[in-house]
Amino acid sequence: MYFDSTILFMIPGLLLGLWAQYKVKSAFSKYSKYATRSGVTAERAVARILQQNGAGDVQITRVSGSLTDHYDPTTNTLRLSDSVYGSPSIAALGVAAHEAGHALQKAQNYPFLSLRSVMVPVVNIGSNLSWPIFLAGIIFSWEPLMYAGIIAFALVVLFSLITLPVEFDASRRAVALLNNGGFLTMEEEAGVKKVLNAAALTYVASFVSALLQLMRLLTILNRNRD
Ligand SMILES: [Zn+2]
């Protein structure tokens, strides 16, 4: 049985990803237990925030699942999960305000968000076809095909790199928006930051995994040349 040692490249990314997920879940469940002193529910807080910041046209709806909260720029809709919508907890306000941060990025044409949106269709194709193209290149011993697979995957890496400023910026905005709106005490702000930093770590983990996978492809390419 042939053992491809380059699979070991995937381990650090996998471990970092698991650790990040654990951090998000534990921070979220911890700060879900504490309501903010303002007592405002997450969807009301973000509705007010968006209104005050000139983005009152954003739709706010509920979505099933846990940590499924997201902002959809194509429909200008902010979807809050069951554990966020209707909750006045520190975690719920943090997550909802982060998504409101994305809505404001869209409203203000934040360049990295625009770039990210443009890349989505290309990256979807790239992530689905990069490995099949690359493997076909190995099977037929045809280098240009291997390069094409690598370029397709490099787009995936670039996309997850561009995601980082988008996510960090949304979290930075979230804290500022909640503070400006008078929704948080200083203690509560620390809780919001813990939840959002843990969430940011999952995006760092995705980027690291993608980068390591690219290195794996390059290593296989080099080995095939020998
Ligand atoms: Zn986000």
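Please read these numbers as outputs of a predicted model, since none were measured by experiment.

A. The sheet that holds strand β1 (residues 59-63), seen in detail. A sheet is described by the order of its strands in space; here three strands give the open sequence β1-β3-β2, paired in mixed fashion. Looking along the sheet, the strands with just one partner apiece sit at the ends: β1 and β2 (70-72). Direction aside, neighbouring strands of the sheet carry axes that sit 25° apart on average. Of the strand pairs in this sheet, β1 and strand β3 (residues 77-81) are connected by five bridges, and their pairing is parallel. Directly across from I60, in β3, lies its bridge partner L78.

B. Quick peek at unusual backbone geometry. Of note, the phi angle at N76 is positive, near 55°, even though the residue is not glycine. As for its position among the elements, N76 is in the loop between β2 and β3. What makes N76 partly exposed here is the crowd of 14 C-beta atoms within 10 Å. One non-glycine residue with positive phi stands out, namely S141, at about 50°. Structurally, the position occupied by S141 is in the loop between α4 (111-139) and α5 (143-180). Judged by the 9 C-beta atoms lying within 10 Å of it, S141 is exposed.

C. Structural context of the pairing of β3. A large share of β3 lies buried, amounting to four of its five residues. In terms of strand pairing, β2 meets β3 through three bridges, oriented antiparallel. Within β3, the position partnered with D72 by the bridge is T77. Linking β2 back to β3 in an antiparallel pair, the connection comprises four residues, with N76 at a positive phi of about 55°.

D. Layout of helix α1 (residues 10-31). For α1, with 22 residues, the first-to-last C-alpha span of 32 Å sits near the 32 Å given by 1.5 Å per residue. All buried positions along α1 are accounted for by A20, V24, A27, F28 and Y31. Buried positions in α1, seen along its axis, are confined to an arc of 95° and lie on one side of it. With respect to the buried face of α1, the exposed residues turned more than 90 degrees away are I11, L18 and Y22.

Definitions and limits used
Residues numbered from 1 in each chain as written. Predicted model: local features only at pLDDT ≥ 70, side-chain atom pairs only at ≥ 80, totals over all residues. Pairing = 2+ DSSP bridges. Helix = DSSP H or I, 4+ residues; strand = E, 2+ residues; numbered from the N terminus. Axes fitted to C-alpha atoms, helices over the stretch in contact; angles between N-to-C directions. Buried ≥ 20, exposed ≤ 12 C-beta atoms within 10 Å, placed from the backbone. Expected span 1.5 Å × (residues − 1). Arc of directions from axis to C-beta.

From the geometry alone we can't say anything about function, so treat these as descriptive.
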